[in-house]
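Residue-level structural notes
The primary structure of each chain is shown beneath.
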Amino acid sequence: MKTIAIVAAPRADYGKKATKAVRRQGLIPCVIYGGGETVSFAIDEKAVKPLIYTPNSYIVELDIDGKKELAVLRDVQYHPIREQILHIDFYRVQEGKPVSIAIPVRLTGTAEGVKIGGKLALSARKLVVKAMVENLPDELVVDVTPLKVGQTIFVGDLKFEGLEFVSPATQAVCAVRVTRASRGAAAQQ
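Report on the accompanying structure. (Residues numbered from 1 in each chain as written. Predicted model: local features only at pLDDT ≥ 70, side-chain atom pairs only at ≥ 80, totals over all residues. Heavy atoms only, no water.)

The subject of this paragraph is the sheet that holds strand E9 (residues 126-131). Picture the strands of a sheet paired through backbone hydrogen bonds; they go either parallel or antiparallel. The mixed open sheet is built from four strands, whose spatial order is E10-E7-E9-E12. Strands at the two margins of the open sheet, each flanked by one partner only, are strand E10 (140-143) and strand E12 (164-165). The pairing of E9 with E12 spans two bridges and is antiparallel. Note that in E12 the partner of Val129 across the bridge is Phe165. (Pairing = 2+ DSSP bridges. Helix = DSSP H or I, 4+ residues; strand = E, 2+ residues; numbered from the N terminus.)

This is the structure:
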C-alpha cells in the first residue's frame, strides 16, 4: 500500500479557544490514538489535500516533532457549511496487529450482460478490509466478465488472500441492471 509522509507539530493546549487559534494559523487540529498514548498535534491544510481529496487509501507516516508514527486515517470532521476540515483522527498502526481500512474497488472485464444491453452499476466504491499492513493492496480488483443481466457480486463472493472483509457479506459490490435493450434481446432469444 502507498504511503504519504506528513510533517506535524505537537499541540500542548487543548480546548475550544486553543483549537480556534490553531485553525486561524491555517493548521488542522489532529489526534493519533490506539496502541499507546494519545497524541494531539496540528498539520498544515495543504499537506492533507493529497490524503483527503483522493479515491485512494494510504498509510500515513506522521513526523511529529522528529518522532515517526505510522497511522491510517480514521475520521475527518468538516464544517457543515464551509466544508472546511475541522479535525482529523488517525489510528496508530501497531506491528503484528491487523488494521482496518477502506480500500477502493476497481472493476475489470466486460460483463456478459453488458454485451446484450444491460448496464453495469458499481454499488460500493470502497470496501472495509482488515489485514496486516504489509498485505494491504492499493485497490481491490473485481472481474465482472461472468456477470449476466440481473446478477450481482456481493462482498461474500470475493476472495482475496490475506484479507478479511469487515464490510457485510450481503453488501452488493456491483450488478448488471436490466435495461430496455436487454429485455428486447432476451425476448428475441
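Back to the write-up after that little detour.
The biggest cluster of nonpolar side chains holds 25 residues, and the ones touching the most others in it are Leu127, Val129, Leu136 and Ile153. Of all the secondary-structure elements, those providing two or more residues to this core are strand E7 (99-108), E9, E10 and strand E13 (172-177). At four residues, the largest contribution of residues to this core is made by E7. The contacts of Ile153, once residues within four sequence positions are left out, are Val142, Asp143, Val144, Leu147, Leu158, Gln171, Ala172, Val173 and Cys174. Among the nonpolar cores identified, the runner-up in size contains 21 residues, and Ile6, Val48, Ile52 and Val76 belong to it. (Core = buried A, V, L, I, M, F, W, Y, C linked by side-chain atoms within 4.5 Å. Buried < 20%, exposed > 50% of the residue type's maximum accessible area, 1.4 Å probe, protein only. Contact = heavy atoms within 4.5 Å.)

Another point: the layout of surface pockets. A volume near 210 Å³ is recorded for the largest pocket. As for the largest pocket, its lining consists of Leu51, Ile52, Thr54, Asn56, Ser57, Tyr58, Leu73, Arg74, Ser100, Ile101, Ala102 and Lys126. Ranked by residue count, the leading element in the lining of the largest pocket is E7, at three residues. Broken down by class, the residue content of the lining of the largest pocket amounts to six nonpolar, four polar and two charged. (1 Å grid on protein atoms, 1.4 Å probe; cavity = no way out; pocket = protein on both sides within 12 Å on 5 of 7 lines; lining within 4 Å. Points joined across faces, edges and corners; volume = space filled by probe spheres on them. Nonpolar A, V, L, I, M, F, W, Y, C, P; charged D, E, K, R; others polar.)

To continue, consider unusual backbone geometry. Although it is not a glycine, Asp65 sits at a positive phi angle of roughly 55°. Judged by its relative accessible area of 64%, Asp65 falls in the exposed class. Unusually for a residue other than glycine, Glu83 sits at a positive phi of about 60°. By the secondary structure assignment, Glu83 is in the loop between strand E5 (67-78) and strand E6 (85-92).

Shape is all these values report; function is a separate question.
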